[in-house]
Every structure is written in C-alpha cells, then in structure tokens.
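# Remarks on the overall topology
Here's the letter readout for the chains.
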Amino acid sequence: MSPAALIGLGVSLCKSFKVHPIIGVVTGTAVATVIEMTRDSDVLPMLSSPEYRCGSCDHVFN
C-alpha cells in the first residue's frame, strides 16, 4: 500500500471511531515509514556482497 492510502485509511478509521483525524495521519505515516524501512532493509544484504565479472574471461569474483 502507498503511504497516501495508509494515511487515508488512518483518517477514515479515526473518523469512524470519533477520534481526532490527526491521530490517523500520524499513525498512517508511522506505519508507512515502518513498511518502507522494512522494504529497504531487504535490499541491503545484496549490496553488502557485490559480485564483479571479469571483462575478458567472464569469471565472477565475490
């Protein structure tokens, strides 16, 4: 889900429970941030062990 959709969902849930909508904005933003941080950490292991390919013999070095 996109951050905007999560914020909208948080606001609509707060309206239905008669809570101030700003709480929904803060909650939606926090959930979207956690999701983005989790998504970015999945990429990091690939960056920590790059592979290099020799241009002349096509041998792959770790």
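Residues numbered from 1 in each chain as written. Predicted model: local features only at pLDDT ≥ 70, side-chain atom pairs only at ≥ 80, totals over all residues. Heavy atoms only, no water.

### With respect to the overall build of the protein
- If you tally the helices and strands in the protein, you get 2 helices and 2 strands.
- In the protein, the order of α-helices and β-strands from amino to carboxyl end is α-α-β-β.
- Scored against the burial criterion, the 62 residues of the protein give a buried share of 11%.
- For the protein, the accessible area works out to roughly 5,000 Å², and carbon and sulfur atoms hold 69% of it. (Helix = DSSP H or I, 4+ residues; strand = E, 2+ residues; numbered from the N terminus. Buried < 20%, exposed > 50% of the residue type's maximum accessible area, 1.4 Å probe, protein only. Areas by Shrake-Rupley, 256 points an atom, 1.4 Å probe, with all protein chains shown as cover.)

### Overview of the state of the cysteines
- In total, this model carries 0 disulfides according to the counting rule given.
- Here Cys-57 stays unpaired: no disulfide links it, and the sulfur of Cys-54, its closest cysteine neighbor, is 3.4 Å away. (Disulfide = S-S within 2.5 Å.)

### A closer look at the environment of Ser-2
- Looking at where Ser-2 falls in the secondary structure, it is placed in the segment before helix 1 (3-16).
- Expressed as a C-alpha distance, the spacing of Ser-2 and Ile-35, which sit 33 residues apart in the sequence, is 9.7 Å.

### A look at helix 1
- With 14 residues, helix 1 extends 20 Å from end C-alpha to end C-alpha; this agrees with the ideal 20 Å at 1.5 Å per step.
- In the segment just after helix 1, Lys-18 is the residue with positive phi, at about 60 degrees. (Expected span 1.5 Å × (residues − 1).)

### Remarks on unusual backbone geometry
- At Lys-18, a residue that is not glycine, the phi angle is positive and equals roughly 60 degrees.
- Looking at the element boundaries, Lys-18 is found in the loop between helix 1 and helix 2 (21-48).

### What to know about the confidence of the model for the protein
- In the predicted model, the protein carries a mean pLDDT of 81, and the fraction of residues at 70 or more is 84%.
- At the low end of the mean pLDDT range in the protein sits helix 2, at 77; at the high end sits helix 1, at 88. (pLDDT = per-residue confidence, 0-100.)

### Some thoughts on a nonpolar patch on the surface
- Residues Met-1, Leu-9, Leu-13, Phe-17, Val-19, Ile-22, Ile-23 and Val-26 make up a contiguous nonpolar surface patch of roughly 800 Å² in combined accessible area.
- Taken together, the elements giving at least two residues each to the nonpolar patch come down to helix 1 and helix 2.
- In terms of residue count, helix 2 provides more of the nonpolar patch than any other element does, 3 residues in total.
- Checked against the element boundaries, Phe-17 lands in the loop between helix 1 and helix 2. (Patch = residues over 30% accessible without salt bridge, like charges linked within 9 Å, V, L, I, M, F, W, Y side chains within 5 Å. Salt bridge = Lys/Arg side-chain N within 4 Å of Asp/Glu carboxyl O.)

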